[in-house]
Amino acid sequence: MKEKVIVALSGGVDSSVAAVLAQQAGCEVIGVTLRLKHPDPEFSAAQLCASKNDEAAVESICAKLGIEHHYLELFPEFECRVLRPAAQEYARGRTPNPCCECNYRIKFGKLVEFARSAGAAKVLTGHYAKLSEHGGVYELRRGDDLKKDQSYFLYRLDQAILSMVRFPVGTMDKGEVRRIAAGYGLVTSDKPDSQDACFQVPGESFGETLRRLEKLPRRPGLFRYQGRIVGRHNGVHEFTIGQRKGLNVALGVPAYVAGIDPESGDIRLETEPERLLASRFTVERVSWQSGRAPDLSGELEVQIRYRSRAVPCRVEPDGAGGAAVFPAVPQRAVTPGQAAVFYRGDLLLGGGVIGHAD
């Protein structure tokens, strides 16, 4: 009897090749696509995941491979567990990373739930990450194509989820993935990579889109530089630490957002980039992927943005589910709300949400 597996089909080349590889391995493949579309066309038209083009690609892939396919309608859960908390974080003057929450609470959580109900052994996705098992503990590592590595977004996945998932393209580079898709004549072989954000309303920040979607009030305020009022803004939700563009403040030199006070609405500006450096920051709600705190001695690294390089650091747990992090090199624009993810080499240890920086 063939092993039954679920493949999460997004309409991109990576997930479609994951389905091909599962078929090549002799599995019975069932495709599943999550529908996270907002019911209001104004917002759904701006959503970048699961667009009409994506769904057309999914249906083409399933027809080409001759596999069963299901849609899971999950917008209510997506809004409640991902979009609304993200909008509330922006309103607090923080910059959330909703992809990390979505992966844990919606994408992988619901796919594993569906797999169990369907009697499937595993869930396969097109993420660039690697998984292994040692002594009953599942370990997540960076994908071999470091330019595409997505392990950063998966730090919340726990042992129960990791035991059910596999990442078939994690040992490949993007060029190889595209060649496989082209060899099978898949419509996704030359499809551009997806964007990072869930929404992209032209001329509007992600924070403003979420504020309107969730009908939250604005918190306008003042720009301050060296204690002086130098401008006004329409809401703290539209700004992030380190931001330079879109401030519309004339100081004669480039200015950067250095601090956001959600209570007063004040945004503090600096013109010297070194003032945005932090030699210490806190991390809240730390999740260790093994299920328990690892040995934090020896070489550790922390990555504070998806596009940034991991740097050596020291981590001191605070005994209350958080930690203080001391990077070996001061980090620029450490941003409250973003994910800080810990590695030892290519092994992902865990991560949490950045609190505040010193």
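Just above, that's the structure.
Below is a short write-up of the structure. (Residues numbered from 1 in each chain as written. Predicted model: local features only at pLDDT ≥ 70, side-chain atom pairs only at ≥ 80, totals over all residues. Heavy atoms only, no water.)

Let us now look at the pattern of salt bridges. Two side chains that carry opposite charge are able to pair once their charged atoms sit near each other. The tally for this structure, following the rule as stated, stands at 30 salt bridges. A salt bridge links Arg212 to Glu42, with the nearest nitrogen and oxygen atoms 2.7 Å apart. On the criterion of sequence distance, the pair formed by Arg212 in helix α8 (residues 206-213) and Glu42 in helix α2 (residues 41-44) is long-range, its members being 170 residues apart. Note on Glu42: relative accessible area 45%, which makes it partly exposed. (Salt bridge = Lys/Arg side-chain N within 4 Å of Asp/Glu carboxyl O. Helix = DSSP H or I, 4+ residues; strand = E, 2+ residues; numbered from the N terminus. Buried < 20%, exposed > 50% of the residue type's maximum accessible area, 1.4 Å probe, protein only.)

Take the state of the cysteines next. Tallied over the entire structure, the rule returns 0 disulfides. As a non-bridged cysteine, Cys27 has Cys62 as the owner of its nearest cysteine sulfur, 16 Å distant. Free cysteine Cys80: the closest other cysteine sulfur is in Cys102, separated by 13 Å. Note on Cys80: relative accessible area 44%, which makes it partly exposed. (Disulfide = S-S within 2.5 Å.)

A separate point is the pairing of strand β11 (residues 267-270). As judged from the 3 bridges shared by strand β8 (residues 221-225) and β11, these two strands associate in the parallel manner. Within β11, the position partnered with Arg224 by the bridge is Arg268. Pairing analysis gives 4 bridges linking strand β10 (residues 256-260) to β11, with the strands arranged antiparallel. The residue of β11 that forms the bridge with Val257 is Leu269. Linking β10 to β11, which pair antiparallel, is a turn of 6 residues; within it Gly265 sits at a positive phi near 85 degrees. (Pairing = 2+ DSSP bridges.)

Moving on, we get to the pairing of strand β16 (residues 323-327). Burial analysis of β16 places 4 of its 5 residues in the buried class, the great majority of the element. As defined by bridge partners, strand β13 (residues 281-288) adjoins β16 across 3 bridges and the pair is classed as antiparallel. Across the sheet, residue Thr282 finds its bridge partner in β16, namely Ala324. By the bridge criterion, 5 bridges tie strand β15 (residues 311-317) to β16 in an arrangement that is antiparallel. Across the sheet, the residue bridging to Cys313 is Pro327, located in β16. Joining the antiparallel neighbours β15 and β16 is a turn of 5 residues, in which Gly319 adopts a positive phi near 80 degrees.

The subject of this paragraph is the nonpolar core. Proteins that are soluble and globular tend to have nonpolar side chains buried together. Counting 51 residues, the largest nonpolar core has Ile6, Val32, Leu34, Phe78, Val165, Phe199 and Leu210 as its most contacted members. Those elements that place two or more of their residues in this core are β1 (4-8), β2 (28-35), α4 (75-91), α5 (98-117), α6 (159-162), α8, β18 (339-344) and β19 (347-357). Top contributing element to this core by residue count: α5, with 8 residues. Those residues in contact with Ile6 that sit more than four places away from it in its chain are Ile30, Val32, Leu111, Phe114, Ala115, Ala120, Lys122, Val123 and Leu124. Membership of the second largest hydrophobic core comes to 25 residues, among which are Ala19, Ala22, Val169 and Ala181. (Core = buried A, V, L, I, M, F, W, Y, C linked by side-chain atoms within 4.5 Å. Contact = heavy atoms within 4.5 Å.)

The parallel open sheet is built from 5 strands, whose spatial order is β3-β2-β1-β4-β7. Of all the strands in the sheet, just β3 (68-73) and β7 (165-166) have a single pairing partner and so form its edges. As paired strands, strand β4 (residues 122-124) and β7 are joined by 2 bridges and run parallel to one another. Bridging across to β7, Val123 finds its partner in Val165. Lying over the sheet, α5 contacts β1, β2, β3, β4 and β7, oriented at roughly 140 degrees with respect to β2. (Axes fitted to C-alpha atoms, helices over the stretch in contact; angles between N-to-C directions.)

Negative phi values dominate among residues other than glycine, just as trans dominates among peptide bonds. Phi at Lys215 takes a positive value of approximately 55 degrees, unusual for a residue other than glycine. Relative to the helices and strands, Lys215 resides in the loop between α8 and β8. The exposure class assigned to Lys215 is exposed, which follows from its relative accessible area of 72%. Look at Asn248: it is not a glycine, yet its phi comes out positive at around 55 degrees. If you trace the backbone, Asn248 turns up in the loop between β9 (228-233) and β10.

In this section: the packing of aromatic side chains. Taken as a whole and judged by the stated rule, the model has 8 aromatic pairs. Arranged with centres 6.3 Å apart and planes meeting at 70 degrees, the rings of Phe108 and Phe167 form a pair that is edge-to-face. Residue Phe108 is located in helix α5, and its partner Phe167 is located in the loop between β7 and α7 (174-183); the two are separated by 59 residues in the primary sequence. In terms of burial, Phe108 and Phe167 fall into one category: buried. Centroid distance Phe153 to Tyr306: 4.6 Å. Interplanar angle 45 degrees. Geometry classified as tilted. Placement of the pair is Phe153 in the loop between β6 (137-142) and α6 and Tyr306 in the loop between β14 (301-303) and β15, with a sequence separation of 153 residues. Through a chain of ring-to-ring contacts, three or more aromatic side chains come together here, namely Tyr152, Phe153 and Tyr306. (Phe/Tyr/Trp six-rings, centres within 6.5 Å; stacked < 30°, edge-to-face > 60°.)

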